Each structure stands twice: as C-alpha cells, then as structure tokens.
Amino acid sequence: MALARARRRERGVDYWPGFVDALATLLLAIMFLLSVFVLAQFFLSQEITSRDAVLDRLNAQVNELTQLLALERANTQDAEDTIASLRSSLSEAEAERSRLEQILESGAGQSEEAQERIGALTSELEDERQVSQRALSQVELLNQQISALRQQIGALEAALDASEQRDQRSRAKIADLGRRLNVALAQRVQELNRYRSDFFGRLREILSDRENIRIVGDRFVFQSEVLFASGATEINPTGQEEMQKLADAVLDLQEEIPPEINWVLRVDGHTDDVPLTGTGRYRDNWELSAARAIAVVEFLIDQGVPASRLVAAGFGEYQPLDTSGTPEARARNRRIELKLTER
C-alpha cells in the first residue's frame with residue numbers, strides 16, 4: 001500500500017513551481033520596463049531642458065530686437081516731425097520772400113532794405129534746406145536699420161522654428177528607441193526564462209525527488225547536509241555525485257542558449273543563525289557561507305563549466321527561509337541555492 005501511495009504522489013502534477021516561476025518572470029519584466037521608462041524619461045528631460053534653454057535665449061534676443069525696433073521707430077517719428085516743422089518754416093520763408101519781392105517791385109525806395117531782407121531770408125532758407133537734407137538722411141539711415149532689424153527677427157524666428165522641429169524629431173526618436181528597447185529586452189527575458197524552466201525541469205529529473213533537494217521560487221535549493229559535513233566546506237562524495245549531475249545539466253544547457261544572451265549561474269551560500277566559536281578556520285557565518293558557495297563553483301569549474309558563467313555569493317544567516325528558530329527551521333536555512341539569471 002505504501003508503494004501504491006508513493007506512485008499516486010508521483011503521478012500528481014505540482015503546478016505551484018510553474019506558477020511561482022511565471023509570477024517571478026512577470027515581476028522581473030515589469031521592473032525592467034519601469035527601469036527603461038525611467039531612463040527614457042531622464043534622457044527626454046535632458047533633451048527638453050537643453051531645447052528650452054535655446055528657446056529662452058532666442059526669445060530674449062527677439063525681445064531685445066523688438067525693443068530696439070520700437071526705439072528706432074520712435075526716432076523715425078521724431079525725425080519726420082522735425083522734417084514737417086522744417087517744411088512748414090520753409091513754406092513760411094518762401095511766402096515771406098514772395099511778399100518782399102512784391103514790396104520790392106512796388107516801392108523803389110525800399111529796394112535796398114528788401115534786398116538785405118531777401119538775402120537774409122535766402123540764407124535762412126538755405127540753412128533750413130541743409131537741416132531738412134540731414135533729417136532726410138537720418139530717416140533713410142533709420143529705415144535701413146529697421147530693415148536690418150526685421151531681417152534679424154525673421155532669421156531668429158526661422159531658427160526658432162527649426163529648433164522646435166528638431167525638438168519634435170528628437171522626442172519621436174527617443175519614444176521609438178524606448179519602444180524598440182522594450183521589445184528587445186522583453187524577448188531576451190522571455191528567452192532566458194524559457195531556458196531557466198528547461199534547466200530546472202532537467203535538474204528535477206536527474207536529481208530525483210529527494211526531500212533535501214527542492215525548488216523554491218526561481219531557485220534550486222540543496223540543503224547543506226547533502227553537500228557538506230557540519231562546519232565543513234569540502235563537498236562530500238554524495239554531494240559530488242549530485243554536483244556532477246548539475247554540471248552535466250549546465251554544460252548541456254550552455255550548448256542551447258544563444259551566445260548573445262549573457263547568462264550566469266549564481267551559487268548562493270546560506271547558514272543558520274547559530275554563531276561560530278571563532279576559534280576554527282572561519283570566524284563567522286559570512287565566511288562559512290561564502291566558502292561553501294566558492295567550493296561549489298570551483299567543483300563545477302573542475303567539471304568543465306566556464307568560470308565566466310558562474311558567480312559565488314555568501315549571505316550568512318541573514319536570508320533565512322524559516323525564522324521560527326526551531327532545529328528544523330535552522331536545517332532549512334542551511335542551504336546552497338542555484339539561480340540562472342542575467343549578468
């Protein structure tokens with residue numbers, strides 16, 4: 001009967017690891033997309049800030065030129081008012097000259113006085129003409145300056161329009177780059193997740209259903225007792241057999257994963273919360289957990305796994321699976337975890 005119950009358990013399908021694997025994959029993809037979105041927003045804000053600074057400088061120049069144009073227009077109006085006044089004075093002088101000429105013709109006795117008056121008026125008229133000519137020259141110069149200012153304003157407006165167009169094109173390029181990057185990275189994550197699932201499936205098959213070898217989330221967990229004696233860092237013969245199976249699975253997986261996927265197998269060492277005496281080879285659980293992780297990595301390297309695909313990390317007692325403090329909980333916390341991930 002016990003054999004029949006064991007067979008029924010073997011025929012049962014455990015959906016929980018696949019569900020956890022899918023949930024972890026979804027979480028990683030969401031976190032990555034958020035990271036890409038933040039990075040794209042940062043570059044976009046940098047680009048917009050530089051464009052806004054250019055626009056501010058151009059607007060300041062336009063305002064300055066507008067003020068100069070208003071000033072030149074005021075000067076032109078003053079010059080035109082002066083010309084009008086001079087023309088009025090010229091008309092009065094010409095009328096006075098005509099009157100004097102009439103007086104000269106009507107009275108011979110007043111000829112000399114009229115001639116002197118005519119000469120004075122002629123001199124004043126010439127002066128007024130010269131002043132009017134200078135005013136006209138100034139008006140012409142002001143008109144030329146106004147034309148030049150208008151050309152500068154037109155050039156600045158054209159530069160402003162071109163800057164806005166470049167800004168719009170840059171935003172469109174950034175948005176397109178972000179979309180393409182999201183798609184590419186999502187594909188890479190999906191590929192790695194597929195290989196991770198295949199890898200864990202193979203490990204589940206070749207390492208059998210031992211109670212002290214299990215899957216927790218996206219990690220394959222070996223209890224330390226499978227690989228090491230208490231307080232030791234040398235892998236025992238039984239552990240070497242299990243690690244040899246693991247190395248064969250990694251080598252087979254390496255042949256299937258495309259070279260453009262930069263993957264690594266991370267080996268994490270964990271201990272329980274019982275402190276070491278400090279008189280042995282290792283001072284604390286940090287050193288013991290790191291040494292055990294390194295021992296597993298070195299064994300895999302000896303079996304042909306490339307060192308560039310392996311990472312060793314020690315966590316001591318600070319990442320427990322069970323915090324109840326019982327002997328069973330401490331035994332669960334003493335473990336070696338394997339995780340297939342990106343570098």
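As the structure is a prediction and not an experimental result, all values here were calculated from the model.

A few points about the overall build of the protein
Move 1: For the protein, the count of helices and strands is seven helices and five strands.
Move 2: When the helices and strands of the protein are listed from N to C terminus, the series reads α-α-α-β-β-α-α-β-α-β-α-β.
Move 3: By residue count, 30% of the 343 residues in the protein fall in the buried class.
Move 4: Considering only residue pairs separated by 6 or more positions, the protein has 74% of its internal contacts joining residues 24 or more positions apart.
Move 5: For the protein, the accessible surface area stands at approximately 21300 Å², while carbon and sulfur atoms represent 53% of it.

Considerations on helix α6 (residues 285-302)
Move 1: Given a rise of 1.5 Å per residue, 18 residues ought to cover 26 Å, and the 26 Å separating the end C-alpha atoms of α6 matches this to within 8%.
Move 2: On its buried face, α6 sits against α4 (224-227), α5 (237-256), β3 (263-270), β4 (310-314) and β5 (335-342).
Move 3: Among the residues trailing α6, G304 stands out with phi positive, at a value near 105 degrees.

Structural notes on the packing of aromatic side chains
Move 1: Under the definition given, this model contains four aromatic pairs.
Move 2: Aromatic pair F220 and F222: ring centres 5.9 Å apart, planes at 50 degrees, arrangement tilted. F222 matches F220 in its accessibility class, with the two residues each being buried.

Topic: the pairing of β4
Move 1: As paired elements, β3 and β4 share five bridges and run parallel to each other. Its bridge partner lying in β4, R266 is registered against V311.
Move 2: In this fold, the crossover linking β3 to β4 by way of α6 has right-handed handedness.

Some words on the pattern of salt bridges
When their charged atoms lie close together, side chains carrying opposite charge are able to pair.
Move 1: Applying the stated criterion across every chain, the model contains ten salt bridges.
Move 2: Of the charged contacts, one joins R266 and D268 as a salt bridge, the two residues approaching to 2.9 Å between their closest N and O atoms.
Move 3: Using a relative accessible area of 25% as the deciding quantity, one classes R266 as partly exposed.
Move 4: Two residues, D322 and R332, come together in a salt bridge whose shortest N-O distance is 3.7 Å. Here the residue D322 occupies a position in the loop between β4 and α7 (327-333), and R332 occupies one in helix α7, the gap between them amounting to ten residues.
Move 5: Residues participating in the shared-partner salt-bridge network are R219, R335 and E337.

Structural notes on the sheet that holds strand β2 (residues 219-223)
Move 1: Strand order in the open sheet made by the five strands is β1-β2-β5-β3-β4, with mixed pairing throughout. Every interior strand has two partners, whereas the edge strands, β1 (213-216) and β4, have only one. Neighbour-to-neighbour, the strand axes of the sheet open up by a mean angle of 25 degrees, direction not taken into account.
Move 2: This element, α5, spans β1, β2, β3 and β5 of the sheet and lies at about 160 degrees to β3.

A closer look at the side chain of R335
Move 1: On the secondary structure map, R335 appears in strand β5.
Move 2: Relative accessible area serves as the criterion here: at 2%, R335 is assigned to the buried category.

Regarding the nonpolar core
Move 1: The biggest cluster of nonpolar side chains holds 28 residues, and the ones touching the most others in it are F222, L227, M243, V296, L300, I336 and L338.
Move 2: Counting only elements with at least two residues in this core, the list comes to β2, α4, α5, β3, α6 and β5.
Move 3: In terms of residue count, α6 provides more of this core than any other element does, six residues in total.
Move 4: Contacts of V296, omitting those with residues within four sequence positions, involve L227, F228, I235, M243, V267 and I336.

Re the pairing of β1
Move 1: Judged from the four bridges that link them, β1 and β2 form a sheet pairing that is antiparallel. Paired with I215 across the strands is F220, a residue of β2.
Move 2: Following β1, the chain reverses through two residues before pairing antiparallel with β2; G217 in that reversal takes a positive phi of roughly 65 degrees.

Regarding a nonpolar patch on the surface
Move 1: Residues W16, F19, L23, L26, I30 and L34 make up a contiguous nonpolar surface patch of about 650 Å² in total accessible area.
Move 2: Summarising the element assignment, W16 is placed in helix α2 (residues 16-106).
Move 3: The class for W16 is exposed, based on a relative accessible area of 56%.

Describing the confidence of the model for the protein
Move 1: In the predicted model, the protein carries a mean pLDDT of 80, and the fraction of residues at 70 or more is 82%.
Move 2: Here helix α1 (residues 2-11) is the element of the protein with the lowest mean pLDDT, 53, and β4 is the one with the highest, 96.

What counts and how
- Residues numbered from 1 in each chain as written.
- Predicted model: local features only at pLDDT ≥ 70, side-chain atom pairs only at ≥ 80, totals over all residues.
- Heavy atoms only, no water.
- Helix = DSSP H or I, 4+ residues; strand = E, 2+ residues; numbered from the N terminus.
- Buried < 20%, exposed > 50% of the residue type's maximum accessible area, 1.4 Å probe, protein only.
- Contact = heavy atoms within 4.5 Å.
- Areas by Shrake-Rupley, 256 points an atom, 1.4 Å probe, with all protein chains shown as cover.
- Expected span 1.5 Å × (residues − 1).
- Phe/Tyr/Trp six-rings, centres within 6.5 Å; stacked < 30°, edge-to-face > 60°.
- Pairing = 2+ DSSP bridges.
- Right-handed = clockwise from strand over helix to strand, strands pointing away.
- Salt bridge = Lys/Arg side-chain N within 4 Å of Asp/Glu carboxyl O.
- Axes fitted to C-alpha atoms, helices over the stretch in contact; angles between N-to-C directions.
- Core = buried A, V, L, I, M, F, W, Y, C linked by side-chain atoms within 4.5 Å.
- Patch = residues over 30% accessible without salt bridge, like charges linked within 9 Å, V, L, I, M, F, W, Y side chains within 5 Å.
- pLDDT = per-residue confidence, 0-100.

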